[in-house]
Structures are given as C-alpha cells and as structure tokens.
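Summary of structural features
Below, each chain spelled out in residue letters.
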Amino acid sequence: MTSFVLHKQGDLELGIFPRLTRADLLHAFTGRQGGTSELVPGGLNMALHVGDNKEDVLSNRRKVADVLGFEPSRITTCQQVHGTKVSLVTEAMIGSGADDYAKSIQGVDALVTQLRQVPLMLFFADCVPVMFFDPVTKTIALAHAGWRGSVGDIALKTLHCMERNYKCQSANVLVGIGPSIGSCCFEVDQAVLDAAPGYVDCFRPTRPGHWQLDLWQVNKKQLLGAGVQEQNILCAECCTYEHKDKFFSYRAEDGKTGRMAAIIMLK
Ligand SMILES: [Zn+2]
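Examining the overall build of the protein
Across its full length, the protein carries 5 helices and 14 strands. Relative to the 2.2 N^0.38 estimate, which gives 18 Å for 267 residues, the radius of gyration of the protein is 17 Å and therefore close to what a compact globule would have. Expressed as lengths along the three principal axes of its C-alpha atoms, the size of the protein is roughly 45 × 45 × 40 Å. Across the protein, every contact between residues at least 6 apart in sequence was considered, and the portion connecting residues at least 24 apart equals 64%.

Thoughts on the sheet that holds strand β5 (residues 110–113)
With mixed pairing, 6 strands are arranged side by side in an open sheet as β4-β5-β8-β7-β9-β13. Since the sheet does not close on itself, it has two edges, and those belong to β4 (86–88) and β13 (233–235), each with one partner. Here the strands of the sheet are splayed against their neighbours by 15° on average, with no regard to which way each runs. Pairing geometry for β5 and strand β8 (residues 139–145), over 4 bridges, is antiparallel. Paired with Leu111 across the strands is Leu142, a residue of β8. Against the sheet, helix α3 (residues 154–166) contacts β4, β5, β7 (128–134) and β8, and its axis sits at roughly 160° relative to β8. Running at roughly 30° to β7, helix α5 (residues 215–225) makes contact with β7, β8, β9 (174–177) and β13 of the sheet.

Observations concerning the packing of α3 against α5
Running from amino to carboxyl end, α3 crosses α5 at an angle of 35°, the nearest separation of the two axes being 8 Å. α5 is crossed by α3, and the crossing has right-handed handedness. Contacts between α3 and α5 involve Ala155, Leu156 and Leu159 on the former and, on the latter, Asn219, Gln222 and Leu223. Of the residues contributing to the contact of α3 with α5, the split by class is 4 nonpolar, 2 polar and no charged.

With respect to α5
Turning to α5, its buried residues number three or more, namely Leu215, Trp216, Val218, Asn219, Lys220, Gln222 and Leu223. The positive-phi residue at the C-terminal boundary of α5 is Gly227, with phi of around 100°.

Examining the sheet that holds strand β11 (residues 203–205)
A sheet is described by the order of its strands in space; here 3 strands give the open sequence β10-β12-β11, paired in antiparallel fashion. Each edge of the sheet is formed by a strand with only one pairing partner; in this case those strands are β10 (187–189) and β11. The average undirected angle you get between the axes of adjacent strands in this sheet is 45°. As judged from the 3 bridges shared by β10 and strand β12 (residues 210–213), these two strands associate in the antiparallel manner. Each bridged residue has a counterpart across the sheet, and for Asp189 the counterpart in β12 is His210.

Criteria and cut-off values
- Residues numbered from 1 in each chain as written.
- Predicted model: local features only at pLDDT ≥ 70, side-chain atom pairs only at ≥ 80, totals over all residues.
- Helix = DSSP H or I, 4+ residues; strand = E, 2+ residues; numbered from the N terminus.
- Rg over C-alpha atoms; globule rule 2.2 N^0.38 Å.
- Contact = placed C-beta atoms within 7 Å.
- Pairing = 2+ DSSP bridges.
- Axes fitted to C-alpha atoms, helices over the stretch in contact; angles between N-to-C directions.
- Left-handed = near helix turned anticlockwise from the far one by under 90°.
- Nonpolar A, V, L, I, M, F, W, Y, C, P; charged D, E, K, R; others polar.
- Buried ≥ 20, exposed ≤ 12 C-beta atoms within 10 Å, placed from the backbone.

Written out as structure tokens, the structure reads:
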C-alpha cells in the first residue's frame, strides 16, 4: 500500500495516510491550491501568523472544515516557537487560535489529547509535521518539528507526553510524517551539525562546511529508539521544496509564502 496519497476533493487536494483512515479518526494535510489569499493568490494559506488577510485565512479554514467535516470554531492550535514543549489540550483550551493567532496555546510546538471533536491543527512550510495516533487508548498528538525541534527530540517528547498522561505504549502508536523539506533540498551548515550531536548519521556531506540533513530520519530515529515499531512509522517522503506547486516551501519561496495545515481529530 502506498503510504501517502493525495486526494482531490473539489478544487482542494488533501494528503492522507491510508493506514490512518479509520471510522473514529480524521486526519489530513492540506495542499496549496483552491484557496483565497492576498499573500499567495489562489493559495490555501491556513495560517494566521504569516501576514495574510485574516478573513481569507478563516475562509480557507472553513472550506477545509466543510470538506473534512469538523467544526472550525473548535480548531485548536499552538504558537509554534521552534521549541520542544508539548501541551495537553484540556476542555478549556478547545478553540485556542481558531480565529486569532494571539489566542493559540502559547510557547509550545506540540499538542496531545484524548478529547473528541477537537481538530488539532498546526501550520507548515518545509518544517516536519509529525502526527500520532494510539488506537488502543484513543490518544492523538501533533508536533511541529523544524530542524531545531527535530534535533531537540520534539517527536520523542510528544510520545513521552502520551505515555505519561494516557498510558500509551510506544509499540501501539502509529506515526505519520507529513510533507516537508527532504534531505535532497535541505543543505545546512556547521552550526546545525554542531546542534545535533545525536544525529550525525543523518547528515551527508555536500561541499566544504555543508551537509544535507534528513529530518525524516532524525524523527524516525528518536521514535524507533523509544520503541515505536518501524512498520508503524509512515513517511510521506514528499519534499515540499520540490513540490511547491502542491504545498508551500519557505526555502524555495524566500520565506514569503503561506502554510499548509496538518490536521488530526478523534471523531
Ligand atoms: Zn527535495
């Protein structure tokens, strides 16, 4: 089975992992086309914090919500500060950041919950979306892993949060690594290598003082080390830099672009 597929739904294109398709789980990665945006004309920019017209972003979110079947006012998101802090989502936090970035959950880059009908939503242009589902305890999580978050083990910390709070067992957990920049297009310098002593094997030398960094491998490695089963780690292996026609790429578009959303919700 192909681990990741893009589905056309009207003028939207949504990415999913067929193995995560279940009656009680909703998930998707939004594509680039089919939206309204001042920042990226025609683009389905889903993020409120990148200088786009707010009403356009909210209309894009409503459009996706209608297609997927969730209530947009319950979208729950966090600030995404390229850190490694993880937050549980409690009843009081439902809807954080749904229509105002300033109200998103502050200071964290990953969310964990067992609440139903709460779409966790984070925003990406090259950074790595990592989603988690434990079918045994019915726990979901979503993490934003740029290079700092990836080498800072945010995926592992998210898993630990699931284990600690909801008694999830890593051997049961399914992980989906969504579209993001591939090592093919992600050249980094000495400072990044120095910040990642545990992941030297995920760097491949290119020219003097530069390496290609495989962020997918960095995230897989920390999860495998914690007992997640290799066959339960699904990777889209879809490079956003190369596919900026389908997604958004911060690097390929000099930082001036929209954001795709990764969405996961227990029905
Ligand atoms: Zn690439």
